[in-house]
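Here is what each chain is made of, one letter per residue.
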Amino acid sequence: MKIDASGMHFAELNERVRACEEKDIYIANCVGQRYIGTGLADKEIAVGGTPGNALGAYLNGARIRVYGNVQEATGDTMNGGQIVVGGSAGDATGYAMRGGKIFIRGDAGYRCGIHMKAYKENKPAIVIGGRTGSFLGEYQAGGTIVVLGNHTDGKPIIGNFCGTGMHGGEIYLRCGQIPTKLPAQVRAEKIERLPEDAAELVREWCREFGQEEGAFVNASYFRLTPNSDNPYRQMYTVN
Amino acid sequence: MNMYIQPEYEVIRNSDKCIACRVCERQCANLVHSFDSETGKMKADDSKCVNCHRCVCLCPTHALKIVKSDDTYKINANWDNQTINEVYKQANTGGVLLSSMGNPKPYPVYWDRMLVNASQVTNPPIDPLREPMETQLYLGKRAAKIERDEQGKLKNTLAPQLKLKVPVLFSAMSYGSISYNAHESLARAAEELGTYYNTGEGGLHKDFYKYGKNTIVQVASGRFGVFKDYLESAAAIEIKMGQGAKPGIGGHLPGAKISADVSETRMIPQGVDAISPAPHHDIYSIEDLRQLVYSLKEATEYKKPVIVKIAAVHNAAAIASGIARSGADIIAIDGYRGGTGAAPTRIRDNVGIPIELALAQIDQRLRDEGIRDEVSILVGGSIRSSADVIKAIALGADACYIGTAALLALGCHLCRSCHEGKCNWGIATQRPDLVKRLNPDIGYKRLVNLVTAWNHEIQEMMGGMGINSIEALRGNRLMLRGIGLTDTELNLLGIKYAGESM
Ligand code: SF4
Ligand code: SF4
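Residues numbered from 1 in each chain as written. Chains lettered and ligands numbered in written order. Predicted model: local features only at pLDDT ≥ 70, side-chain atom pairs only at ≥ 80, totals over all residues. Heavy atoms only, no water.

A.B. asks: Run through the nonpolar core, naming residues and quoting values.
C.D. replies: Core analysis: the largest hydrophobic core is formed by 122 residues, its most contacted members being F170, L231, V379, I427 and L473 of chain B. At 8 residues, the largest contribution of residues to this core is made by helix α14 (residues 440-465) of chain B. In this view, L231 of chain B contacts Y58 of chain A together with V217, V219, V226, I237, L296, A299, T300 and K304 of chain B; residues no more than four positions away in its chain are not counted. In terms of nonpolar packing, the next biggest core, distinct from the first, is built from 44 residues, I3, I45, C112 and M116 of chain A among them. (Core = buried A, V, L, I, M, F, W, Y, C linked by side-chain atoms within 4.5 Å. Buried < 20%, exposed > 50% of the residue type's maximum accessible area, 1.4 Å probe, protein only. Helix = DSSP H or I, 4+ residues; strand = E, 2+ residues; numbered from the N terminus. Contact = heavy atoms within 4.5 Å.)

A.B. asks: Break down the environment of D207 of chain B for me, citing the residues and quoting the values.
C.D. replies: All names here are of chain B. Mapped onto the fold, D207 is located in the loop between β10 (197-198) and β11 (215-219). Of the residues examined, D207 reaches a relative accessible area of 31% and is grouped as partly exposed. Between the C-alpha atom of D207 and that of G380, which follows or precedes it by 173 residues, the distance is 27 Å. Separated by 2.5 Å, the side chains of D207 and Y180 make a polar contact. (Polar contact = N/O pair within 3.5 Å; in protein donor to acceptor, adjacent residues only side chain to side chain.)

A.B. asks: Tell me about the interface of chain A and chain B, residues and numbers included.
C.D. replies: Each side of the interface is counted separately: chain A has 40 residues, and chain B has 50 residues. Approximately 3900 Å² of surface area, both sides summed, lies buried where chain A meets chain B, with 56% of it carried by carbon and sulfur atoms. Area buried by chain A at its contact with chain B is led by Y58, Y119 and N239 of chain A, which between them contribute 20% of it. Inspection of the region where chain A meets chain B yields 2 salt bridges. Between R18 of chain A and E298 of chain B there is a salt bridge; the shortest N-O distance is 3.0 Å. Inspection of the region where chain A meets chain B yields 20 residue pairs in polar contact (both at pLDDT 80 or more). Secondary structure elements with two or more residues in the side of chain A that touches chain B: α1 (10-19) and β12 (236-238) of chain A. Top element by residues in the side of chain A that touches chain B is α1 of chain A. It accounts for 4 residues. (Buried area = accessible area lost by both parts, 1.4 Å probe. Salt bridge = Lys/Arg side-chain N within 4 Å of Asp/Glu carboxyl O.)

A.B. asks: Can you lay out the packing of aromatic side chains for me, pointing to particular residues and giving the numbers?
C.D. replies: What the rule picks out here adds up to 11 aromatic pairs over all chains. Ring geometry for F135 of chain A against F161 of chain A: centres 5.5 Å apart, planes inclined by 10 degrees, an arrangement best described as stacked. You can see F135 of chain A sitting in the loop between β7 (125-128) and β8 (141-147) and its partner F161 of chain A sitting in the loop between β8 and β9 (168-173), a full 26 residues away along the chain. Note on Y294 of chain B and Y302 of chain B: the rings are 6.4 Å apart at their centroids and 55 degrees apart in plane angle, and the pair reads as tilted. You can call Y294 of chain B buried: its relative accessible area is 17%. (Phe/Tyr/Trp six-rings, centres within 6.5 Å; stacked < 30°, edge-to-face > 60°.)

A.B. asks: Requested: an account of the confidence of the model for chain B, with residues and values cited.
C.D. replies: Summary statistics for chain B give a mean pLDDT of 94 and a share of 100% for residues scoring 70 or more. We note a pTM of 0.94 for the whole complex and an ipTM of 0.92 for its interfaces. (pLDDT = per-residue confidence, 0-100.)

A.B. asks: Break down helix α8 (residues 316-324) of chain B for me, with residues and values.
C.D. replies: Residue and element names in this part refer to chain B. Summarising burial for α8: 7 of the 9 residues are buried, a large majority. For α8, the full list of buried residues reads A316, A317, A320, S321, G322, I323 and A324. In this structure, the buried residues of α8 make contact with α7 (286-299), β15 (306-311), β16 (330-334) and α10 (355-368).

The structure is reproduced here in structure tokens:
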């Protein structure tokens, strides 16, 4: 079903998406409507135009494809499903994600993947084609973030304070040099071969966006992991 | 350096009464008591005692008492024993001091400096035994627009409401910080009382989804256990921005407390620390808060009220005004005496303001701005009795959250060592042998007893004032008078001094 979103308030648009009995929905002329796909489980939504903040919040298994850019807080507290972004993403993408996957062809903003967590088979993943801003993976507790550095503006692949408070999960950065200004809780090691689950994520990204796998899969990466599972244990004295 | 710190409390055993049954030994998770096979007598290691009174209560011959040690450093009004000991502890370890439960310092308790009115002669009291005395109330937005459909009938434009039979709810305590049996007791009591308990930020155990219509689920910065089913199961959703015991900082549940069950509920691996960052890193403004409020409303199709909880801090009134405009249905304010499962001592004891002052200021500010009906106000942070509830409502609250009082009903003895995870009363622990000491069949009844008793007292005090509905007491500050307060305090509370007439 096609929904023309022009001039429509987000509450009405989202109500129509929820009420739609067909599985496949195409939202045309999206102009910043927020919360599209919130909490949905079994829909396939494609969006033309630019959706607003909190696209796919609490997403519970549905698949969302956006041809252009997305704004802030995409996939907030997402639980399952997939969001594919043909352009770039704004800040706080994948905040507290606990399942599902987000693929971004271009760049992502600040505070991406904060407090992602994993539990048993729920293992969230974000793959960013270009670069990303500061605070990537802050407080990360689980899951996988991959940044492919396929950008051309010459800026660093990540910003500052990557992985502050990180206590689980892993971040892979496709770059030749170890990023500067990593906080003490983060351990960085150079790897010549991606582990299979990360390699599969990269392959999926390549398939989504029609990229040659070789340059991305067979590259050296820096892998960031937390130094300890309990970064704060030593900090306290019982009073 | 031998920096022995004398224990604060001593275990005194009456050897004439003690029959060496070793109950105390088995009951104490801190391993204070032991049996000396050579002498055939019990011994005690005072240095391990947290003064939780478990042994005192269970000793069959009442042979035990715990007394404050009279050992002291040279008396010094500035450097008291505790202050000195804290310096020693930190010099020994380099650690941040960690405490639990509410602020124990002797700050003024404003509830105790307010007196309640009663009718005499001209406006006769109402007898609650004879006349209906309504303590039922609703929480949520009142500011509904009057709209009519084509037939001229009223359209229902009322935002979702929470119905309470009593003006008391159980405040947020996470599974993890407290035990399964404690949660079960709270959930069942809330159901029987017609009120709500609050999951705290640790997710909702799968066994407790069935209490959903009496459950408030929390969404905090760590978003533990938050997903569609969790949000949908609940009667209301609370966004935790702050907590009275530790305003401005996040939470940290040590990996040792993340048992298999807690790990499943929080959806994080077992044994790994559960860290809630200080801010929600996606909320840096009222606009960002509004975004989270509406994403939760969208996720639950606008069927559930959204509560925003903040700690009582200096600018609480201005912040509350922002929250009232963010789309939230209810504001919860937590005062600086509120409890916690663990907080840095310095923050617990020095950060935030009394709930009484924050509440008075927030209610006034929302009224002045004409937006008081946009939100209901819930207060917590050491509501200790029905009298505190009455005073809070007269100051402007819609209803009260109780946490510490509820735990006391479950057996807590306020030993303030929840952060050690060895609660002998089976509350603030995940150790199965300790958890099973709290029987939820008994626990929930004690909670029901407590709140039912308070409700009777509330009805009696209301009747005394000539008020027959709790909603008519809300913000009725003429029912309060101050005692022992300065002009500034009276002004902030918006009440007159005892002896002043209307
Ligand atoms: S419980 Fe009482 S009677 Fe039994 S050993 Fe301990 S102090 Fe003695
Ligand atoms: S809950 Fe347990 S550990 Fe905490 S203060 Fe009460 S009795 Fe002590």
